[in-house]
Amino acid sequence: MGKLKATIEAKKFTGTRGQVRRKRIETSGALIIAALMILWLGINLIKAPTQFAQVTVLGLRNGLLYALIALGYTLVYGIIELINFAHGDLFMLGALFSSYFITIWFHQENSNPAGWVTFVAALFAAMLFCGTINVLIERLAYRKLRRAPKLAPLITAVGMSFLLQFVGIKWNGSTPRQWPTVIPHGEFVIAGVIVSHVTLILILVAAPLLGSLTFVVNKTKQGKAMRATAQDQDAARLMGIDVNKTISFTFALGGALAGAAGLLYQQSIGTTNYNLGFQLGLIAFTSAVLGGIGNLNGAVLGALLIGIVQGLNDGLPIALGQKWSQSVVFTILILILVLKPAGLLGKVTTEKV
Amino acid sequence: MVAISSQRKWATGYLIAVAALFITYQFLFPWDGLPMGIYDTLQLWLPPTSVNEALVYVICALGLNIVVGYAGLLDLGYVAFWAIGGYCAGWFMSEFFHMINIHFYGSVAKAAPGIHVNFWGVLLIGGLVCAFFGILIGAPTLRLKSDYLAIVTLGFGEIIPQIFYNGDDIGGFNLSNGTKGITILDPIPAGIKNIGPFDFGYKFIVFVFLAFVMIFISLRLRKGRLGRAWLAIREDELAASMMGVPLMQTKLAAYAVGAFAGGLGGVAFATHVDGVYAERFNFSISIFLLAMVVLGGMGNVWGVILGALLLSWINSTGLPAFGQTFNSRFGTEINFPSFTFLLFGLVLILMMLYKREGLIPESRLRLILHEGDPEEDLSPKESK
């Protein structure tokens, strides 16, 4: 089935009457939601402009983290059409690995040059660690199920998520754990808005990673193989592409990004918990869906949007507040899936037989 | 005919097991003449609460089996229905809404404040409210591809418990008493006797009855027109719709029936623990239930029951009891209950990799699940 599915873009043909009606419902629904959003944002902007800018900056910072995780979901979904539920937990393992690497194995607890060097080393180590685990997961569990009905790999992914959470419980303990951080903790003020150094470091690490990912996927031979495999595995194989190797490479890329996100999260927030991956994974997945799953730029855009919306909801005077944070994100997810399943930048896909 | 007589055999076995357990817990357990050794062993390895809890899981797993096993729709947010059912029990069977005084064949004195609806009525209310929510969430989302559907249900399963968790102040209204939960539910009226929270034996009979109702519903539906439509959709959605099966209605029906069972299970669970607590309704419950369905055999009622009994017992009693015995025998201090994550994860992964059809496979499903395996012989086995 999977191989017979093709992606076609709706061009001239506007669809049957039902489809047209559905489209109209979707458009009006999207417009109403957009209008409500603008109203909400407008009231808040007038009421507390500085605070608005402040929470937007904080939201963007979280959004960058979500982007790194969301890319892992979107890469894997793009190539084998599997929602890798274990990806969030891989991120959690990345955070745990970084904590151990910096604090316990290399004894760095303060922000000094030695700490910064360890931070950079930990970045590469965590990326390597998570990339390897992700490749192993694919090799041991998902590869065998590549041609099985969809339910099977999906359930396996859920099981894998539980397995990684178990590793998390054993490694971290069942309660949240506080860690010292080695990155600089100062801050500076631009027009009344406080920007912490942590935010700058996040941007400094995440932006090159995102850039190099785009480069790898769009410009290198390996990236071309990835795109070909995503389009049609059998055709790619006939063209001499090693499909297994390409899929492994994709998992390695996604894992590496999750590892980097784990380090950045651990160093900016300072706490780790075994179920961290579940919460952030779901938010990241929502971002991927919002942007259009399978689309790399979409994942980054979606993640930044979700980060900002979450930041606004948590920090603005007229909002539901932090305790409803999860519900807000999932409501967005459900609305997107109902109104525009293809996401903001995704292509409309139709199932062909 | 073979199938029917084997089912009759199962039903007889079910009744015998039920009678044996009931006699054990109702008469043998409180009996003074029971040797201490046997009493302790039973209390450690098979306490009455664990049996009752397992039955609640059976009720819910059978409901999830209709959605996942029969119709082939992955639902990762089943706990939402459980929570809604539980809160229905909390609202309609306690003194929680103490500002009003509504009685409907309740089992407490007429003067007691709050809403007091008869337990059997609450079962129906809980089931129907859940079915309504099942349709509400299903109607816009069931057109989505299976993996998107899984995510929507997952989101639903996160939102609903959070509403109850934060529900002590929704615009100034106390909907759910937040983290404190709603405690002390009305006893279950059963003719001559009111079954209180500690009447494990009689509550066991009530749960057995509910499980029996679910088994009956599952078996009958599967044989009927709707059940065959579900199986057709599970096997090939496109082919089914070409044959005239209305996809949306059929899927919605699966959702509604599954949610109804979740509501029953929720009410039953609330009476089992004598209260509802928001933090108990978390994601892992959805996965536990999924693991039960997968382990036993998706689509096979008896397999699902076996899976539910086995995993629920391991989770509530087996692992802690084994850990206690192991640790005292070998002088170790291993925290065995923390291995549940490993266990449930491994069950899901290994079953999917090596025995996708479950412990008690359903013959039709076996063929579908192995579609695409190159070395597998797909020809149907001759039935004996």
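If you're wondering where the values come from, they're calculated on a predicted model, not measured in any experiment.

Some remarks on the overall build of chain A
Within chain A, the regular secondary structure consists of 12 helices and 4 strands. In terms of C-alpha radius of gyration, chain A reaches 21 Å, essentially the compact-globule figure of 20 Å for 353 residues. The C-alpha extent of chain A, read off along each of the three principal axes, is 60 × 50 × 40 Å. For chain A, with 353 residues in total, the buried portion stands at 48%.

Some details on the overall build of chain B
From N to C terminus, chain B includes 14 helices and 7 strands. At 22 Å, chain B has a C-alpha radius of gyration in line with the 21 Å of a compact globule built from 384 residues. Principal-axis analysis of the C-alpha atoms gives chain B an extent of 65 × 55 × 45 Å. Within chain B, the fraction of its 384 residues that count as buried is 48%. Expressed as a percentage of contacts within chain B between residues at least 6 apart in sequence, the contacts between residues at least 24 apart total 74%.

Some words on the pairing of strand β2 (residues 187-190) of chain A
All names here are of chain A. Note that β2 and strand β3 (residues 193-196) share 4 bridges and pair antiparallel. Residue Phe 188 lies in a different strand from β3, and its bridge partner there is Val 195. Hairpin remark: β2 followed by β3, antiparallel, with 2 residues in the connecting loop; positive phi at Ala 191, about 50 degrees.

Observations concerning the domain arrangement of chain B
Residue and element names in this part refer to chain B. On domain assignment, one finds that chain B holds domain 1 (1-45) and domain 2 (46-369). The centre of domain 1, based on its C-alpha atoms, is set 24 Å off from the matching centre of domain 2. Facing 10 residues of domain 1, the contacting portion of domain 2 comprises 12 residues. The set of elements that each furnish at least two residues to the side of domain 1 that touches domain 2 consists of α1 (2-28) and α2 (36-45).

Quick word on the environment of Gly358(B)
All names here are of chain B. Tracing the backbone shows Gly 358 in the loop between α13 (340-354) and α14 (363-369). Gly 358 sits 126 residues away from Ala 232 along the chain, and the two C-alpha atoms are 20 Å apart. Apart from the residues within four sequence positions on either side, Gly 358 is in contact with Val 294, Leu 295, Gly 296, Gly 297, Met 298, Asn 300, Gly 303 and Met 351.

Notes on the interface of chain B and chain A
Note: interface size is frequently given as the accessible area lost on complex formation between the parts. Counting residues at the interface gives 37 residues for chain B, matched by 36 residues for chain A. Of all elements in the fold, only α5 (119-141), α6 (146-165), α11 (283-296), α13 and α14 of chain B reach the threshold of two or more residues within the side of chain B that touches chain A. Per-element accounting of the side of chain B that touches chain A gives the leading share, 11 residues, to α6(B). Among the residues forming the side of chain B that touches chain A, the class breakdown is 24 nonpolar, 9 polar and 4 charged.

Things to note about the nonpolar core
Formed by 226 residues in total, the largest nonpolar core has its most connected members in Ala260(A) and Ile59(B). Here this core takes 17 residues from helix α2 (residues 49-80) of chain A, the largest share from any one element. In this view, Ile59(B) contacts Leu210(B), Ala211(B), Met214(B), Ala261(B), Leu264(B), Gly265(B) and Ala268(B); residues no more than four positions away in its chain are not counted.

A short note on α11(B)
Here α11(B) spans 20 Å end to end across 14 residues, near enough to the 20 Å set by a 1.5 Å rise per residue. Burial of α11(B) is extensive: 13 of the 14 residues sit out of reach of the surface.

Let's talk about the environment of Leu45(A)
All names here are of chain A. Here Leu 45 shows up in helix α1 (residues 17-47). The class of Leu 45 is partly exposed, set by 14 C-beta atoms lying within 10 Å. For the pair Leu 45 and Leu 316, spaced 271 residues apart in sequence, the C-alpha to C-alpha distance is 9.2 Å.

A few points about the packing of helix α6 (residues 197-219) of chain A against helix α7 (residues 221-231) of chain A
All names here are of chain A. Direction vectors running N to C along α6 and α7 enclose 70 degrees, while the axes themselves pass 5 Å from each other. Taken together, the axes of α6 and α7 lie roughly perpendicular to each other. On the side of α6, the interface is formed by Val 216, Val 217, Asn 218 and Lys 219, while α7 contributes Gln 222, Gly 223 and Met 226. Its residues assigned to classes, the contact of α6 with α7 shows 3 nonpolar, 3 polar and 1 charged.

Quick notes on the sheet that holds strand β3 (residues 114-117) of chain B
Residue and element names in this part refer to chain B. Ordered by their spatial adjacency, 3 strands build an open sheet running β1-β3-β2, and the pairing between neighbours is mixed. Looking at the sheet topology across the chains shown, the edges are occupied by β1 (93-94) and β2 (101-104). Bridge count for β2 against β3 is 4 bridges, and the pairing is parallel. Counterpart to Asn 101 in the pairing with β3 is Gly 114. Across the sheet, α5 is in contact with β1, β2 and β3; its angle to β3 comes to roughly 100 degrees.

Section: the confidence of the model for chain A
In the predicted model, chain A carries a mean pLDDT of 84, and the fraction of residues at 70 or more is 94%. Within the model, pLDDT remains below 50 along residues 1-10 of chain A, and this stretch shows 15 contacts once partners closer than five positions in the same chain are excluded.

Considerations on the pairing of β3(B)
Residues and elements named next belong to chain B. Neither face of β3 is open: one carries Gly 114 and His 116, the other Ile 115 and Val 117, and all of them are buried. Examined bridge by bridge, β1 and β3 share 2 bridges and lie antiparallel to one another. Pairing of Ser 94 across the sheet is with Ile 115, part of β3.

Observations concerning α13(B)
The end-to-end C-alpha distance of α13(B) is 21 Å, a good match for the 21 Å that 15 residues give at a rise of 1.5 Å each. Buried within α13(B) we find Thr340(B), Phe341(B), Phe344(B), Gly345(B), Val347(B), Leu348(B), Ile349(B), Met351(B) and Met352(B). On its buried face, α13(B) is in contact with α4 (113-142) and α5 (151-172) of chain A together with α11 and α12 (301-330) of chain B.

Here's the deal with unusual backbone geometry
A positive phi angle, close to 55 degrees, is found at Glu81(A), a residue other than glycine. The topology assignment puts Glu81(A) in the loop between α2 and α3 (87-105). Taking the number of C-beta atoms within 10 Å as the measure of exposure, Glu81(A) has 17 and is therefore partly exposed. A positive phi angle is found at Asp274(B), which is not glycine, with a value near 55 degrees. By the element assignment, Asp274(B) lies in the loop between α10 (247-273) and β7 (275-276).

Topic: the confidence of the model for chain B
Looking at chain B as a whole, its pLDDT mean stands at 82, while 92% of the residues score no less than 70. This complex was scored by the predictor with a pTM of 0.84 and an ipTM of 0.80.

Topic: the packing of helix α3 (residues 48-70) of chain B against α11(B)
Residue and element names in this part refer to chain B. With their axes 9 Å apart at the nearest point, α3 and α11 run at an angle of 70 degrees to one another. The orientation of α3 with respect to α11, classified from their angle, is roughly perpendicular. Together, Tyr 57, Cys 60, Ala 61, Leu 64, Asn 65, Val 68 and Gly 69 of α3 and Leu 289, Leu 290, Met 292 and Val 293 of α11 make up the contact between the two elements. When the residues that make up the contact of α3 with α11 are grouped by side-chain class, the tally is 9 nonpolar, 2 polar and no charged.

Quick word on the environment of Leu337(A)
Within the fold, Leu337(A) resides in helix α12 (residues 325-339). Each C-alpha atom, one on Leu337(A) and one on Val289(A), is 7.8 Å from the other, the two residues being 48 residues apart in sequence. Other than its neighbours up to four places away in sequence, Leu337(A) contacts Val289(A), Thr141(B), Leu144(B), Tyr148(B) and Val152(B).

Rules of the game
Residues numbered from 1 in each chain as written. Chains lettered and ligands numbered in written order. Predicted model: local features only at pLDDT ≥ 70, side-chain atom pairs only at ≥ 80, totals over all residues. Helix = DSSP H or I, 4+ residues; strand = E, 2+ residues; numbered from the N terminus. Rg over C-alpha atoms; globule rule 2.2 N^0.38 Å. Buried ≥ 20, exposed ≤ 12 C-beta atoms within 10 Å, placed from the backbone. Contact = placed C-beta atoms within 7 Å. Pairing = 2+ DSSP bridges. Domains from an automatic or database assignment. Nonpolar A, V, L, I, M, F, W, Y, C, P; charged D, E, K, R; others polar. Core = buried A, V, L, I, M, F, W, Y, C linked by C-beta atoms within 7 Å. Expected span 1.5 Å × (residues − 1). Axes fitted to C-alpha atoms, helices over the stretch in contact; angles between N-to-C directions. Parallel < 35°, antiparallel > 145°, perpendicular 65-115°, else oblique. pLDDT = per-residue confidence, 0-100.

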